[in-house]
Amino acid sequence: IAHGFLTLSLLSHLLERTFTFTERKMGVNYGLNRVRFTAPLPSDSRVRARFTLQNFECLADGGIQVTWNTRVEREGSDKPVLVAEWLGRHYY
């Protein structure tokens, strides 16, 4: 079974496979407001992530801050293995 923090570490990879920000100079993982490891993740499981934009905010220094409602789901399970509110900052 994968440890919860191993599952959490997959978020950046799963987000980059979902979509990209064009013309971005730098992106920063700003942190997490809430994280719940709601179910075990057996090894060799297939997973997918769902990212829903919760908030988009312009920053005074010219960047933006985005808040994602994030779910990581395991194939064959009705319950997600991870639910998180994830913040990122992007500079153009």
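Right above here is the structure, for reference.
About the criteria used
- Residues numbered from 1 in each chain as written.
- Predicted model: local features only at pLDDT ≥ 70, side-chain atom pairs only at ≥ 80, totals over all residues.
- Heavy atoms only, no water.
- Helix = DSSP H or I, 4+ residues; strand = E, 2+ residues; numbered from the N terminus.
- Polar contact = N/O pair within 3.5 Å; in protein donor to acceptor, adjacent residues only side chain to side chain.
- Contact = heavy atoms within 4.5 Å.
- Buried < 20%, exposed > 50% of the residue type's maximum accessible area, 1.4 Å probe, protein only.
- Arc of directions from axis to C-beta.
- Core = buried A, V, L, I, M, F, W, Y, C linked by side-chain atoms within 4.5 Å.
- Pairing = 2+ DSSP bridges.

The subject of this paragraph is the side chain of Arg 89. Assignment of secondary structure puts Arg 89 in strand E4 (residues 82-91). Of the polar contacts made by the side chain of Arg 89, one reaches the side chain of Tyr 30; its length is 3.3 Å. Excluding residues that lie within four positions of it along the chain, Arg 89 makes contacts with Met 26, Gly 27, Val 28, Tyr 30, Leu 59, Ile 64 and Gln 65.

Now for the side chain of His 90. Positionally, His 90 belongs in strand E4. Looking at His 90, its side chain comes within polar contact range of the side chain of Arg 24, at 2.9 Å. When near neighbours in sequence (up to four residues on either side) are disregarded, His 90 contacts Phe 21, Arg 24, Met 26, Gly 27, Gly 63, Ile 64 and Val 66.

It is worth spelling out helix H2 (residues 11-18) at this point. Buried within H2 we find Leu 11, Leu 14 and Leu 15. Down the axis of H2, the sector holding all buried residues measures 100°, keeping them to one side. Turned more than 90 degrees away from the buried face of H2 sit Glu 16 and Arg 17, all of them exposed. For H2, the elements touching its buried residues are helix H1 (4-9), strand E2 (47-58), strand E3 (64-74) and E4.

Another point: the nonpolar core. Counting residues in hydrophobic clusters, the biggest one holds 14 residues, and the most contacted among them are Leu 11, Phe 51, Val 72, Leu 82 and Trp 86. Sorting the residues of this core by element identifies H2, E2, E3 and E4 as the ones contributing at least two each. Looking at which element gives the most residues to this core, the answer is E3, with 4 residues. Apart from residues lying up to four places away in sequence, Leu 11 is in contact with Phe 51, Thr 70, Val 72, Leu 82 and Trp 86.

One ladder, built from 11 bridges, connects E2 with E3; its direction is antiparallel. By the bridge assignment, Val 47 is partnered in E3 with Arg 74. Counted between consecutive antiparallel strands, the loop separating E2 from E3 contains 5 residues, among which Gly 62 sits at a positive phi close to 95°.

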